[in-house]
Amino acid sequence: MSETDVTQTGTDAPTTANDPQSETQTHTTAGETDERTQEEWTNFTFPGEPKLAVEDLDVYYGDDHALNGVSMDIPRESVTALIGPSGCGKSTFLRCLNRMNDRINAARIDGSVKLDGEEIYQEGVDLVELRKRVGMVFQAPNPFPKSIRDNIAYGPRKHGELNTGLVARLLGRDDSDEEEALVEQSLRQAALWDEVKDRLDDNALGLSGGQQQRLCIARCLAVGPEVILMDEPASALDPVATSKIEDLIEDLAEDYTVVVVTHSMQQAARISDQTAVFLTGGELVEYDDTDKIFENPESQRVEDYITGKFG
Amino acid sequence: MSFDTERSSTDTLVSGDSSTRELVSGGLVALSFASFTVGLLALFQYLPADTPVAGTTVSTLLGAALTVVGTGVVVLGAASYGGLFETEPGHTGGLASAVFVGALWFAVGGLVGAQTLGLSTAWPVVALLTGGVGAAVALVAREDLGVTLSAGLFVLLSGLVVVTGLVGPGWRWGPENFSVVLTGAVGVPVIALFAGLVGAWTAARVYGGFGPQGRQTGAYVLVGTNAAGMLALLVSVVGFIAVRGFGPMTEGIKYGLFWGPWTWFNPPLVDTWVILEGPIVWFYWPFVMEGYTTVGSGIDGILPAIVGTVWLVVGAVALAVPLGVGAALFLTEYADEGRFTSLVEISTNGLWSTPSIVYGLFGLAFFVPRLGNTNSLLAGQLVLGFMLLPLVVITSRESLKSVPDEYRDASAALGVSKWETIKSVVLPASLPGVITGIILGIGRIAGETAPILLVTTSDPFPAEVAGVIQGGFRFTSAFPFVAVPDVNLVQSSSALPYQLFAVIGAGLGENLDFAWGTALVLLLVVMSFYAVGVASRIYFRRKLDQ
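All figures in this text were calculated on a predicted structure; none of them were measured in a lab.

### A closer look at the overall build of chain A
Then, in step 1: Of the regular secondary structure elements, chain A holds 14 helices and ten strands.
Then, in step 2: In chain A, the proportion of contacts linking residues at least 24 apart, taken out of those at least 6 apart, comes to 67%.
Then, in step 3: About 13,800 Å² of surface is accessible on chain A, with carbon and sulfur atoms providing 44% of the total.

### Focus: the nonpolar core
Within soluble globular proteins, side chains that are nonpolar tend to cluster in buried spots.
Then, in step 1: Residues B:Leu496 and B:Val521 are the most contacted members of the largest nonpolar core, which totals 53 residues.
Then, in step 2: Once residues within four sequence positions are removed from consideration, B:Leu496 is found in contact with B:Ile302, B:Ala305, B:Ile306, B:Thr309, B:Thr518, B:Val521, B:Leu522 and B:Val525.
Then, in step 3: Among the nonpolar cores identified, the runner-up in size contains 36 residues, and A:Trp193, A:Leu215, A:Met230 and A:Leu237 belong to it.

### Comments concerning the pairing of strand β10 (residues 283-289) of chain A
Then, in step 1: Taken across its seven residues, β10(A) has six buried, putting it largely inside the fold.
Then, in step 2: In this antiparallel pair of consecutive strands, strand β9 (residues 274-279) of chain A and β10(A), the connection spans three residues, and A:Gly281 shows a positive phi of 100°.

### What about a negative patch on the surface?
Residues and elements named next belong to chain A.
Then, in step 1: Taken together, the side chains of Glu77, Asp247, Glu250, Asp251, Glu254, Asp255, Asp273, Asp289, Asp291 and Glu295 make up a negatively charged region of the molecular surface.
Then, in step 2: Mapped onto the negative patch, the elements with two or more residues apiece are α11 (239-252) and α13 (290-295).
Then, in step 3: Broken down by element, the residue count for the negative patch peaks at three residues, all from α11.
Then, in step 4: The topology assignment puts aspartate 273 in the loop between α12 (265-271) and β9.

### Re the packing of aromatic side chains
Residue and element names in this part refer to chain B.
Then, in step 1: Summed over the entire model, instances satisfying the criterion amount to 14 aromatic pairs over all chains.
Then, in step 2: A ring pair is formed by phenylalanine 362 and phenylalanine 367, whose centres lie 5.6 Å apart and whose planes are at 80°; its orientation type is edge-to-face.
Then, in step 3: We classify phenylalanine 362 as partly exposed; its relative accessible area is 40%.
Then, in step 4: Classification of phenylalanine 367 by relative accessible area gives buried; the value is 9%.

### Describing the layout of surface pockets
Then, in step 1: For the largest pocket, the calculated volume is near 960 Å³.
Then, in step 2: Taken together, 34 residues form the lining of the largest pocket, with A:Arg103, B:Asp405, B:Arg408, B:Asp409 and B:Lys418 sitting closest to its centre.
Then, in step 3: If you list the elements that add at least two residues to the lining of the largest pocket, you get α4 (90-96) and α5 (127-133) of chain A together with α9 (303-334), α12 (377-401), α13 (405-413) and α14 (418-446) of chain B.
Then, in step 4: The element best represented in the lining of the largest pocket is α13(B), accounting for five residues.
Then, in step 5: Lining the second largest pocket are 21 residues, with B:Val108, B:Leu111, B:Val161, B:Val167 and B:Ile191 sitting closest to its centre.
Then, in step 6: Listed by contribution, the elements that provide at least two residues to the lining of the second largest pocket are α3 (95-117), α5 (143-163) and α6 (184-207) of chain B.

### Notes on the pattern of salt bridges
Then, in step 1: Scanning all chains against the criterion turns up 29 salt bridges over all chains.
Then, in step 2: Among the ionic pairs, B:Asp405 bridges to B:Arg408, the shortest N-O distance being 2.9 Å. Of this pair, B:Asp405 and B:Arg408 are both found in helix α13, three residues apart, which corresponds to roughly one turn of the helix.
Then, in step 3: On the accessibility criterion, B:Arg408 (11% relative accessible area) is buried.
Then, in step 4: Shared partners join several salt bridges into a network, and the residues in it are A:Lys51, A:Arg76, A:Asp116, A:Arg133 and A:Glu226.

### Details of the pairing of strand β8 (residues 257-261) of chain A
Residue and element names in this part refer to chain A.
Then, in step 1: Within β8, five of the five residues are buried, which leaves the element mostly enclosed by the surrounding structure.
Then, in step 2: Bridge count for strand β3 (residues 79-83) against β8 is four bridges, and the pairing is parallel. Bridge pairing links alanine 81 to valine 260 in β8.
Then, in step 3: Summarising the sheet, strand β7 (residues 227-231) and β8 pair through five bridges and their orientation is parallel. Its bridge partner being in β8, valine 227 is matched across the sheet by threonine 257.
Then, in step 4: Assessed by its sense of winding, the connection that carries the chain from β7 through α11 to β8 is right-handed.

### Comments concerning the side chain of A:Lys90
Residues and elements named next belong to chain A.
Then, in step 1: One can find lysine 90 in helix α4.
Then, in step 2: No salt bridge forms around the buried lysine 90; measuring N to O, its nearest opposite-charge neighbour glutamate 232 is 4.3 Å away.
Then, in step 3: Sequence-distant contacts of lysine 90, defined by excluding residues within four places in its chain, comprise Leu82, Ile83, Gly84, Pro85, Glu232, Val261, Thr262, His263 and Phe278.

### Focus: the interface of chain B and chain A
One frequent convention defines the size of an interface as the accessible area lost when the parts assemble.
Then, in step 1: Taken together, the contacts link 20 residues of chain B with 26 residues of chain A.
Then, in step 2: Carbon and sulfur atoms make up 57% of the surface buried where chain B meets chain A, a total of about 1,900 Å² over both sides.
Then, in step 3: In this assembly, chain B and chain A are joined by one salt bridge.
Then, in step 4: Measuring nitrogen to oxygen at the nearest pair gives 3.4 Å for the salt bridge that ties A:Lys158 to B:Glu420.
Then, in step 5: Counting every contact that joins chain B to chain A gives seven residue pairs in polar contact (both at pLDDT 80 or more).
Then, in step 6: Mapped onto the side of chain B that touches chain A, the elements with two or more residues apiece are α13, α14 and α17 (512-545) of chain B.

### Focus: α12(B)
Residue and element names in this part refer to chain B.
Then, in step 1: The end-to-end C-alpha separation of α12 is 35 Å, in line with the 36 Å expected for 25 residues at 1.5 Å each.
Then, in step 2: Largest kink in α12: about 30°, centred on leucine 388, with the proline proline 390 one to four residues after it.
Then, in step 3: Burial analysis of α12 places 20 of its 25 residues in the buried class, the great majority of the element.

### With respect to a nonpolar patch on the surface
Then, in step 1: A surface patch of nonpolar side chains, about 390 Å² in accessible area, is lined by B:Val180, B:Leu182, B:Val186, B:Val190 and B:Phe194.
Then, in step 2: Assignment of secondary structure puts B:Leu182 in strand β4 (residues 182-183).

The rules behind each value
- The numbers attached to residues start from 1 for each chain and follow its sequence in the written order.
- Lettering for chains starts from A, numbering for ligands starts from 1, and both go in the order in which the items are written.
- A pLDDT threshold of at least 70 governs which residues receive local features in this predicted model, and a stricter bar of 80 or more applies before side-chain atom pairs are shown or counted, although totals over entire chains, interfaces and linings include all residues.
- Excluded from the side-chain calculations are hydrogens and water; all other atoms, namely the structure's heavy atoms, are used.
- Runs of H or I in DSSP of at least four residues are treated as helices and runs of E of at least two as strands, each being numbered from the N terminus.
- Contacts are residue-level and defined by heavy atoms, with any inter-residue pair within 4.5 Å sufficient.
- We get accessible surface area from the Shrake-Rupley algorithm with a probe of 1.4 Å; when it comes to residues, only the shown protein chains can shield them.
- The definition of a nonpolar core used throughout is a set of buried Ala, Val, Leu, Ile, Met, Phe, Trp, Tyr and Cys residues joined through side-chain atoms within 4.5 Å.
- Using a 1.4 Å probe on the protein chains alone, a residue whose accessible area is under 20% of its type maximum counts as buried, one over 50% counts as exposed, and one in between counts as partly exposed.
- By this definition, two strands are paired if DSSP reports at least two bridges between them.
- Two distance rules govern patches: like charges are joined within 9 Å, and nonpolar side chains (Val, Leu, Ile, Met, Phe, Trp, Tyr) within 5 Å, applied only to residues with over 30% relative accessible area and no salt bridge.
- Any Lys or Arg side-chain nitrogen found within 4 Å of a carboxyl oxygen on Asp or Glu counts as a salt bridge.
- Here the positive residues are Lys and Arg and the negative ones are Asp and Glu; neither His nor the chain ends is included.
- Note that the charge is assigned to NZ on lysines, CZ on arginines, CG on aspartates and CD on glutamates.
- Under the pairing criterion, centres of Phe, Tyr and Trp rings, with the six-membered ring standing for Trp, must be within 6.5 Å; the plane angle then separates stacked pairs below 30 degrees from edge-to-face pairs above 60, leaving the rest tilted.
- A cavity here means a set of 1 Å grid points, computed over protein atoms only, where a 1.4 Å probe fits but cannot escape. A pocket is an open set with protein on both sides within 12 Å along at least 5 of 7 lines, and lining residues have an atom within 4 Å of a point.
- Grid points are joined across faces, edges and corners, and a volume is the space filled by probe spheres set on the points.
- By the criterion used throughout, a crossover qualifies as right-handed when its path from the first strand across the helix to the second strand runs clockwise, the strands pointing away from the viewer.
- Defined here as a combined quantity, buried area equals the accessible surface (1.4 Å probe) lost by two parts on assembly, summed across both.
- By the criterion applied in these results, polar contacts are pairs of N or O atoms within 3.5 Å in which, for protein atoms, one can donate a hydrogen and the other can accept it, and in which residues neighboring in sequence qualify only through two side-chain atoms.
- Every helix has an expected span of 1.5 Å times one less than the residues it contains.
- Here the bend at a residue means the angle between the axes of two seven-residue stretches, the one that ends at it and the one that starts at it.

Encoded structure:
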C-alpha cells in the first residue's frame, strides 16, 4: 500500500496533511502517534445531515471507564458496523444511542448524542418517544412468552396506537383490522411472514432461533422506528439463519438507519457501508468506509486487529 | 500399582449371562426389600406382627428372611474373598460405610448392654466397643470381607433375635427409669425395617461386584428404598385416615332417581331434608350437608365447620395475595438491592417462622375488640391472611427474580413503561411460581387451629352455618368503622381443625368416629384447594409455553 492510496481513498472532504499518517505507517508500535492523529482517522464525513451525531461521549461503570471520548456521526439510511475486541465498549456505545444504559444504576454518561440534531441527553427527553424512534435488537433472541401476533402488536398496543382490549371490542371501537395489517407488514419486512402466516397465534418460543431473532426485528419494526440498533444480532445463530439476518439488514438499510455491533469482521465487511473500530480502553480508533477500513486502514493497531495480530 | 495392558476377563464391554453371584445377591436384595415392606405394613397394623401365616407368624417369617439375607451376604462376601467370584473389591470398605455400620453396631451394643447390664455407666462402654469393632472391620479388611461381614452379621443377628422369639409379638421391654414400654408390635417391625434396609444395601454391593460399581448399586438401592419408604409412609398416613374416616363420612348417604317426567308433578316420598334436588336425581349426604344435631336422632353433620374453613381460606388468600404480590413487586422491580431489601427479606422470613399462636394472640388483642368485640370469621381471615402474607412475599419474590431480564430489556427497548412491562410481561411469566407459593400456604392455614381457637370460634359444634352472605357488614364513619349487624361476616364460626380438636378434647369416646370423619373431610377440603391451585398453575404455565 502506498501513501497516496491512503489519502485518495480517504474521506470525501480530506482536511488533514499526510505527514503524520505516513509517520504512523512506518511505526510498528503505534502508541503516541495514534493519539495525535486519531481525531482525523475517526473524522468520517459524508454528504447530508447525520442521523445521529455523537460528541465526546464518556461512559463510566463505577470506576470503570468504559467509553473514552467517542465522537462519530452516523449517516442516515445505511448500515454502520461497530467492531472491536470483547470489552472494547462497542455495546456500551450502542446502548447509549437509545439510553438503554439509563437502566444500569452504576452507569454515568457524559457527552452529547443528537438524533436529527436534537439532544437526547437533556432534561425532559421522553424516553418512550426516543425508544420508539430508536429501536433495539439484542444478541440473544428474546421474544416474549406470548403468541407471535401478541409479540408484534405488543409495542403499538402499549403505546395506545392499537386498541384491541375487551372494552374497546365491546364498544365496537377496536383496531383489529389495523393490527392485522400491521402484523403482516412487520413480518413481511422482517422476511418472516411466509414462514409463520398460518400460526400467528402459536407461542413465539416455539420458533427456531433464527426465526425468533427475525420476530424480534419485526417486533421492533412494528413500533415504527427510524434507527435500528442491533447488538450482535446473529452471534447466537447458525450460518443459514445468520445469512438470512444479514440479507435482512441490507434490505432494512433502504428505509432505516441501522447500527450493528458485531464480533465477526467478515460480517461487518459483507453488510456495512461504514465501519467503526473500537479498541481496548473504550476508544474509537478508526471510522471510515468499510472498504477502506478492511483494505487499507490508517492505524497500525486497526490493521493488526483486522489481520488477526491483536485482539 | 502397575498399568499392564493385559486384559483380564472382567474387562469385556458386554457382560454375559448373569452369574450365580448376581442371581443370589439379586434374590437377597428382593428378600430384604420384602422384609422392609412387610415391616412397614406391620408397623401400621395393616399386617400385625402376630398374624398367623401358614402355621407360623409374620414375625417368625420376617426373622427367617433376615437370617437368610444375613447368612447369604456373609457367605457371598467370604466366597468373593476366597476368589470364587470375579469381583473388583477396594482395599477398604470406605469411611462412610464404616461410619454407617459402626453406628449400627453401636446401637446393637448399646441395646444389648442396657438389657444385660442395666442403665448404668457400663452400657456406653459396651456400645462404643462394639461400634468401634464394627467400624474397624469395615475399614481395615478388604471391601468384600469387611462390609459383608460387619453389615451381614448385623442382619443375621437381627434375624436370629426375631426368629427365635427373643423379640417376638409377645415381647415387652420397659427399662427402669423409662416411662415407655416397647412391645413386640413395634419392636419387630422396626427391626425388620432397619435390617431390611441394611441387607438390601449390602446385597446390592455384592450384586455390583464391589468397587465403584458396587457402591453405585448399593447407594441406588439405599436411596431408592428410602424414597419408596417415604412414599409408602405418606400413603399409609392418608390411608390410615381414609380407612377410619370413610365410614363415618359416608354414613346415611341417600340418592335416587325420579323415573320420568310424570314424577315431576308427583315426586316420590322423600324426607324433607333433601338438599340437592334436580329434576332427575336427588342426593343427600348428611355428614357434609347438615349441622350438628342438638337432638339425639339423626346424623351429626359438619357443614358449618366446612363452610367456616372454606371462608377462612378464601378470605385469607384474598387478603394476602394482592398485598404479598404487590410487596414482592415493589421489592424486586422498584427497590434497589441493598440494606432495605435485605432487611425486609430477613423480617419476612422471620414472620413466616413465627408460631401461629402468637398471631392468634395478636388477633385476639387487636382485631377482636375492633371488629364487634366478638370472635368472628373476619378476624380469623385477617389473622390467617397475615400469617400467609410472608410466604406469598417470599415465593413471589423468588418467582419474579427468575423472570429473565431479557424480557424487561426487550420491553424497555420498545419504549414501554416499567409498570406496563410488569403488568403484561413480568407478572404473567411469574404467575406459576406465585401460585405454587399460595398452594403451599393454603396447606398451612387451612389446618391452623390455634389462632382460630382464639379469634374465630365459640361453639365447636354449631347446628347452623354462620351467615356469611345473607347479612353483609357495613362500613361506618365512626370508629371502628365497621358496623355489626346480627348476621354477617363478623360472626363466630367453627372450622374443621378446631372441631377436630374439640371432639378429641371433649373425650367423646364413642364419637371418635366423628373425629375421623372430620379429619377426612378436612383432608379433602385442603386437597380440593390444592387441585384448584395446581389446575390454575398448569393453565398459566401452558399459556406461557404452550
